[in-house]
Structures are given as C-alpha cells and as structure tokens.
Amino acid sequence: MSFENSKDLFEWSKKYLVGGVNSPARAYDPFPIFMKKAKGSKIYDKDGNEYLDYSLAFGPQILGHTHPEVKEKAKEALEKGWALGTATEAEGKLAKKITNQFSSIDKLRIVNTGTEATMSAIRLARGYTDKDKIIKFDGGYHGSHDSVLVKAGSGASTHGAPDSPGVPADLAKHTIVVPWNDKEAIKEVFKKEGENIAALISEPIFGNTGCIPPKNNFIKFLRDITEENNSLLILDEVITGFRVARGGAQEIFDVEADITTLGKIAGGGFPIGIFGGKEKIMSELSPQGEVYQAGTFSGNPLTVAGGLATLEVQEKQNVIPKANKNGEKIRKMLKEETKELDTTIQGTSSMFSLFLTQKDEVLNYSDVQESDFEKYQKMHRELAKKGIYFPPSQYEVAFLSYKHTDEEIKQTVSKIKTVLENLL
Ligand SMILES: Cc1ncc(COP(=O)(O)O)c(C=O)c1O
C-alpha cells in the first residue's frame, strides 16, 4: 500500500496552510492521509487506497458518507440559493423537529459550529444568571473558544489556567476545572463558590478523551446540584445528540438540561452548531432579549437541508438503533479478541474507544493519560495499511454508522488483533 501522494501533498500543503491542515486534530505523524472522497462506511485517499471509516468526520456521518437522500435534499436547496441572509421556512422546520425530539428544548438558535454553540450558551448562561464563573471537566472539550480552553491546575478542583497562549488569565480564572465522574470535587466547588457559578458545562458522555461514560448517576447528580445552587446545567450534546438516542443522552439519563448544545449530526455533515433550552432562558437572547449573538451564515440553506434530511432518514430507517447494535457488536468482539493485548474497550451506543492501557477501566482524563500514546500512533498507521481508518488520536472516539456491516466489523476486529499482536 503506497502513501506517496499523501506524503507529497502534506509537504506542499505545509507551504500554504499552517501545519498543512485546517484543524490540529487532522495533523498526525508521520504525515496525515489525504482523503479525496467517501461513500457509506468507506473513505478513499489520494493514493487510491480504500478504508473502512471509524472516524466518520469526527462524528457527523452516522448515516455513512454521502447518503443519497441527504445529497438530493442538499442539491434541491442549492438550486434555490445557498446564502440568502434572510429568514427561511426550512430553519423553522429543522427547529420544530429538534424541539419535538428534545423535551428540554422549547426554542433554539442555529449557528455554524459546535464551538459557536457552546460559546453562545455560556454567554447566555452568564447573562441569564448574572454570574461569571463556569465549571467544566478536566479533559472535557467544548470547542476552541477562550472560556473552555482552560486546563486544570494541580489538585481536585482548581481555578483554571489558560490552555493556550492568547487566552487571558483573567478570563481563565472564571473557569473552574474538576475531574470527570468525581462527585465530591463538585460538591466542594459548589460549597465554596455556589453563588458565583453561572453554569456547569459537560458532555453527558465524555467523548473527547476517548469514550468515558458517566458513573453512578453522575448526570442526574449534576442536574440536582446545579438546580440547588441556581446555576444552569449546559449539556454539550455536540457528539451525543442524534447519535445515542433521538432525544440525545438526556433521554437515556432521564435528565433535562437548561441549555443543550448540538452540532455534528444535526447538520448531516454540513457545518452547524445549535443551542437551545427553555423559553424563559432562550428569551434572554437577542433579538427578544439583551444577550447578543449573531451570524451571517447561521441557518444556512444547505446546512439546514442536510440536517432536515438526516433527521428524516434517521426516523424512516431506524438509524440510531442500527448504529447502536453495530457499536455493541464491535465492543463485544474487541473485548473478546484483544483481552490479552493490554486493551480496555469502553463505549456506549455507536461510540467506542480502544484504550491501550493496563487499567481495567478508564474513568477520567488522568486515567487516559496513562495510555500508550506512541503505540496508538503506530496502531493507527498499521491499521491504515490494512484498510482501516481509525481516529488519529487516543483522545478521539471511534464511531460507527448504520451502514457498517457485520462482515466489515468482523474484518476490522481481526485486523486490529493482528496489528496489536505485531506491536507487542
Ligand atoms: C462535545 C463537543 N463540543 C463542541 C465541539 C466543537 O464543535 P466544532 O468542532 O463544530 O466547533 C466538539 C468538537 O469536536 C465536541 O466534541
């Protein structure tokens, strides 16, 4: 299998694009594989190699790539104009569908990325509560804006430090960082700071430090403690929304967030972010209220058509249960086949992580950091040589679509086993 074209393209791209890529997660050693097209469960590179795709554009493609119904609806929208900068009926239709699926959302706003959604949700929470501080989890990723690009200091719960040059320390100090799955640390924060906390933001299933489901009714606990302290609960369902259940992870955990953020699948693979919640909170947003948020491309016709078509296909073709079954299958087979190879397989629904660790269970960010990242990198490249495109980092979750077949899953597990045996 040759990767020569990818290698050359990377050298060429580096002359014009920072690091040769447009998002750091796409850069990996020794050079990123340059893809050219995708269909169903498969993706194809510039050297003519074919891969079974378990990254699925970092999550959005639960229908598999280039689903014909999504393509058709996007084409119809394209014919009518792809940036009108006015109100359109289709935006209302997508919003209606989503509010029907999520009991916690009365009203919502469509934006362009998950980053914009969480940034705006946090501003809204601060405006609504008239408080400044937020709590986030160590290793939790909510996009690349300043309030959430904050890392934990040492200790159980800390006022954050900037995670990147350019994030003002004066802003980072308003973000309190706590370990995931740690109820005591959160109780401690609320005891000390309760009256200053505008919101706690969390993914309902950790999905950016590998897949780490919550333990011991953790999400319900987050709901209760935020309510008791008059703080808002922002559940970031950018990954889990329209993937784990029709009503998101909130349906599974029987919890209603004050503000929910969505993205990825909601646009069917076109750029999108959404934030929404109860009427009394959302009405604080401009133009009804005073918390400002705006965007030239928000509710873009192609994105909205892609999102609507995706949700329609999900309904008609039982997509989520099928993808969930695929997830169960691959996790079960991987557990059986790789148990002697220092792996821990975790996940839920159609998400999974293969942690290269001796730990029996990965519970939080510091556990993930004990994994063998170098070996993961080698595994990623060796799998690519066998036609399996896995997420490029141990921190990224692997996804299944409803298009992956039993035979493909079987082949994948067998190839993972062979690769890991050879890396021992
Ligand atoms: C949970 C979560 N929130 C927010 C984001 C940011 O979304 P975007 O990359 O569309 O800005 C991501 C991206 O991976 C995410 O996983």
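Structure: above.
In this report, the structure presented in the accompanying data block is examined.

What counts, and where the lines are drawn
Residues numbered from 1 in each chain as written. Predicted model: local features only at pLDDT ≥ 70, side-chain atom pairs only at ≥ 80, totals over all residues. Near = placed C-beta within 6 Å. Nonpolar A, V, L, I, M, F, W, Y, C, P; charged D, E, K, R; others polar. Axes fitted to C-alpha atoms, helices over the stretch in contact; angles between N-to-C directions. Helix = DSSP H or I, 4+ residues; strand = E, 2+ residues; numbered from the N terminus. Left-handed = near helix turned anticlockwise from the far one by under 90°. Contact = placed C-beta atoms within 7 Å. Pairing = 2+ DSSP bridges. Parallel < 35°, antiparallel > 145°, perpendicular 65-115°, else oblique. Buried ≥ 20, exposed ≤ 12 C-beta atoms within 10 Å, placed from the backbone.

### Thoughts on the site of the ligand
Taken together, 16 residues sit near the ligand, with Thr113, Gly114, Thr115, Gly143 and Val238 positioned nearest. Broken down by class, the residue content of the shell around the ligand amounts to 4 nonpolar, 10 polar and 2 charged.

### Points about the packing of helix 3 (residues 89–101) against helix 10 (residues 301–316)
Contact geometry of helix 3 with helix 10 gives a least axis separation of 9 Å together with a crossing angle of 35°. For helix 3 against helix 10, the interelement crossing comes out left-handed. For the pair formed by helix 3 and helix 10, the contact residues are Ala90, Glu91, Lys93, Leu94 and Lys97 on the first element and Pro301, Val304, Ala305, Gly307, Leu308 and Leu311 on the second. Its residues placed into classes, the contact of helix 3 with helix 10 shows 7 nonpolar, 1 polar and 3 charged.

### Quick notes on the sheet that holds strand 17 (residues 398–399)
Read across the open sheet, the 3 strands follow the order 14-15-17; overall the sheet is antiparallel. Of all the strands in the sheet, just strand 14 (343–348) and strand 17 have a single pairing partner and so form its edges.

### With respect to the packing of helix 11 (residues 319–337) against helix 14 (residues 406–423)
Packing of helix 11 against helix 14 brings their axes to within 10 Å, and their N-to-C directions diverge by 30°. The pairing of helix 11 with helix 14 is recorded here as roughly parallel in orientation. In this structure, helix 11 crosses over helix 14, and the sense of that crossing is right-handed. For the pair helix 11 and helix 14, contact is made by Asn326, Lys329, Ile330, Met333, Leu334 and Glu337 and by Asp406, Ile409, Thr412, Val413, Ile416 and Lys417, respectively.

### What about helix 7 (residues 218–228)?
Along helix 7, the positions that sit buried rather than exposed are Ile219, Leu222, Arg223, Ile225 and Thr226. Those residues of helix 7 that are buried lie in contact with helix 6 (183–193), strand 10 (197–202), strand 11 (232–236) and helix 8 (248–253). Asn230 occupies a position one or two residues after helix 7 and carries a positive phi of about 55°.

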